[in-house]
Amino acid sequence: MPGALYAPYAWLQGRWEPEVLLQWNEHGTLTAVRSHVSATEAEGLPSLRQVRGPVLPGMPNLHSHAFQAALAGLTEYRANAADSFWSWRDLMYRYAARLSPESMGAIARWLYIEMLKAGYTSVCEFHYVHHGADGVPYARPAELAACVATAAEASGLGLTLLPVLYQYSGFGSQAPRADQRRFINTPEGLLRLLEGLRAEYPETPQRRYGVAPHSLRAVDAGGLAALLEGLDQVLPGEPDPDSSSGTYGKDAAQAGVRPAGAIQASTHEPSHMSGTSHGTAQTAATLPGTTTPGAPLPGAPTPGAPVPGAPKSGAPVHIHVAEQTGEVQACLDSLGARPVQWLLDKFPVDRRWCLVHATHMDTAETAALVASGAVAGLCPTTEANLGDGIFPAAPYLEAGGVYGIGSDSHIGVDWRSELRLLEYGQRLLRHERNVLASAAQPWVADRLFDAAAAGGAQAGGRATGWLAPGRRADFMVLDADHPALAGRPPQAWLSGVVFGELGGTPIRDVYVGGVQRVADGHHADEDQARADYRRALGSLLG
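Note that this is a predicted model, so its numbers are computed, not measured.

(A) Structural context of the overall build of the chain. Across its full length, the chain holds 15 helices and 20 strands. Taking all 542 residues of the chain together, 60% fall into the buried category. Contacts in the chain between residues at least 24 apart in sequence constitute 74% of all its contacts with a sequence separation of at least 6. Here the chain displays about 19600 Å² of accessible surface, and carbon together with sulfur accounts for 54% of that area.

(B) Representation of the sheet that holds strand S13 (residues 317-321) within the structure. The sheet built from four strands is open, its strands ordered S13-S14-S15-S16 with parallel pairing. The sheet is open, and its two edges are formed by S13 and strand S16 (402-405), each paired on a single side. Between one strand axis and the next, the sheet turns through 30° on average, direction left out of account. Sheet topology places strand S15 (residues 375-378) next to S16; four bridges connect them, and they run parallel. By the bridge assignment, Val375 is partnered in S16 with Val402. Where helix H13 (residues 444-460) meets the sheet, it contacts S13, strand S14 (353-357), S15 and S16, and its direction lies at approximately 90° from that of S16.

(C) Up close: the side chain of Gln441. Considering the arrangement of structural elements, one finds Gln441 in the loop between helix H12 (415-430) and H13. Owing to a relative accessible area of 5%, Gln441 belongs among the buried residues under this scheme. Polar contacts involving the side chain of Gln441 include one to the side chain of Asp450, which spans 3.0 Å.

(D) Spotlight on unusual backbone geometry. Phi angles above zero are rare outside glycine, and His357 is one such case at about 80°. Tracing the chain through its elements places His357 in strand S14. The buried category is assigned to His357, whose relative accessible area is 1%. Phi at His431 is positive, roughly 60°, even though this residue is not glycine. Secondary-structure assignment places His431 in the loop between H12 and H13.

(E) Highlighting the packing of aromatic side chains. Inspection of every chain in the model, using the stated rule, returns 16 aromatic pairs. A centroid spacing of 4.9 Å and a plane angle of 90° characterise the contact between Tyr128 and Phe183, whose relative ring orientation is edge-to-face. Taken together, the positions of Tyr128 in the loop between strand S7 (120-127) and helix H4 (143-155) and Phe183 in the loop between strand S8 (158-165) and helix H5 (187-200) put the pair 55 residues apart, joining distant regions of the chain. The exposure class of Phe183 is buried, given its relative accessible area of 1%. For the ring pair Trp342 and Phe347, a centre distance of 6.1 Å and an interplane angle of 50° mean the geometry is tilted. In this structure, Trp342 and Phe347 share a single accessibility class: buried. Three or more aromatic residues link up through ring pairs in this structure, and these residues are Phe67, Tyr95, Tyr128, Tyr166 and Phe183.

(F) Examining the pairing of strand S18 (residues 507-512) more closely. In terms of burial, S18 is largely enclosed, as five of its six residues are buried. Relative to S18, strand S17 (residues 475-478) runs antiparallel, the two being bridged by four bridges. Looking across to S18, one finds that Val477 is bridged to Asp509. Examined bridge by bridge, S18 and strand S19 (residues 515-519) share three bridges and lie antiparallel to one another. The residue of S19 that forms the bridge with Val512 is Val515. Where S18 hands over to S19, the hairpin turn is made up of two residues, of which Gly513 adopts a positive phi near 60°.

(G) Structural detail: the nonpolar core. Of all hydrophobic cores here, the largest spans 135 residues; its most connected members are Tyr112, Tyr403 and Trp415. Per-element accounting of this core gives the leading share, eleven residues, to helix H3 (residues 101-118). Contacts of Tyr112, omitting those with residues within four sequence positions, involve Ala66, Val123, Glu125, Val148, Ala151, Ala152, Ser155, Leu157 and Leu159. Counting 16 residues, the second largest nonpolar core, distinct from the first, contains Ala10, Val51, Ala473 and Tyr511.

(H) Quick look at H5. A rise of 1.5 Å per residue sets the reference length of H5, with its 14 residues, at 20 Å; its end C-alpha atoms lie 20 Å apart and thus fit the reference within 8%. Those residues of H5 that fall on the buried side of the exposure criterion are Pro187, Gly189, Leu190, Leu191, Leu193, Leu194 and Leu197. Residues of H5 that are buried make contact with H4, S8, strand S9 (207-209) and helix H6 (221-234).

What counts, and at which threshold
Residues numbered from 1 in each chain as written. Predicted model: local features only at pLDDT ≥ 70, side-chain atom pairs only at ≥ 80, totals over all residues. Heavy atoms only, no water. Helix = DSSP H or I, 4+ residues; strand = E, 2+ residues; numbered from the N terminus. Buried < 20%, exposed > 50% of the residue type's maximum accessible area, 1.4 Å probe, protein only. Contact = heavy atoms within 4.5 Å. Areas by Shrake-Rupley, 256 points an atom, 1.4 Å probe, with all protein chains shown as cover. Pairing = 2+ DSSP bridges. Axes fitted to C-alpha atoms, helices over the stretch in contact; angles between N-to-C directions. Polar contact = N/O pair within 3.5 Å; in protein donor to acceptor, adjacent residues only side chain to side chain. Phe/Tyr/Trp six-rings, centres within 6.5 Å; stacked < 30°, edge-to-face > 60°. Core = buried A, V, L, I, M, F, W, Y, C linked by side-chain atoms within 4.5 Å. Expected span 1.5 Å × (residues − 1).

Structure below.
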């Protein structure tokens, strides 16, 4: 139903604006965002809610393997003389073999509630466990994916569901291992799964679909081309279930902040490279030493001939790439090129792509990824937990690269931790502080937050990420009395939220599509969801 909220402050265009009124329609889409509105003017509005704390846009979570949440803490022992991602993966496979539809659904529902409580308002679910324990597809091929869709709907979390194509166990089309049998599919089989899923759970303003070729080691060039070509038939064009929110995959107009009046639209998205002046928005191209995401960069490699099957629809495409040094070497040995280089040379990678991790890139690959306009999907807590390495964030952002964050294996479910670790990794690497700040945004947390929110929205293909007419009414209300905020000037609030770890969570309330899902730190279904999760965990570990 339509609604309105009045806040003492809200984060608009990279700055805290006072006395903000948000209004949304029955579809959960913002229709007006106004600053400098008097409380007297706002009081007469129907369905108005007033909050004491400042409001932040909801954070998109661009990478999740929901079932892995139950593994957290269970693999923190040395099982091999040289423990690594690969030995962790073996343990994860054993656990995945025991999943049932019931346990998948229970884990996902509990996890998604935890995401909401943390201030994540949407998730990109990279879903690759498809079949029964024996590797035989369920009678309903999308059985497990449907459990994920149901869990997101029940919790109230926005969802971009990405069924995963997994063909092989390694480069050179190596035969799948026995413990991968639940993942294996053909492009045609995966597209049929997606068709059935979409028929049962149609796209809405809360739910979107895309695909995820697992990785270059698990999908070959022919399989990837067939998947992308078929995707255009299964998801033709760009879905638009809510005409009031604009077409999916298009950039919604961003609002200029106007005192106590209707917002004037701008043609630009907010940029993590940008600063703002009152009522205006600047893009990365306006700043010295930066370029607009997607623009060619000097020295960037020229893409080679695209593989047939170039995508035409706006559906998101996510892929793991260059997460491990071993993967990079295997790609060089098999394909004669580094993973990011090979992908960008052979396929028309653009803004609808998300390259998850992309940890190990050389200088040319970094420049080429920036030029493509694709999103780098960073998962710092998982990457640290698995010993992956450190993403070249400083040069990537300096060049105008787009990124978002994800909780991936869910060793932690907190966007604040992801941003904090992203910055701390760069500090340790470069022996400097505030590495990812910029001249336009000297408060590093401000830049980190804006970049992650906008990049996550792009990766999910949904109108989220910032507060403006045409965007989703996804936001969180902070606790004004929390140590991160109380007594501090507004310009330090985000820094306190991101870098302060005292006093528990500063997130009090969370709204998704205008519906309050978290109130005073609690979700209405959290107790039942936790009990169901514990039963599921018992069945997996028993």
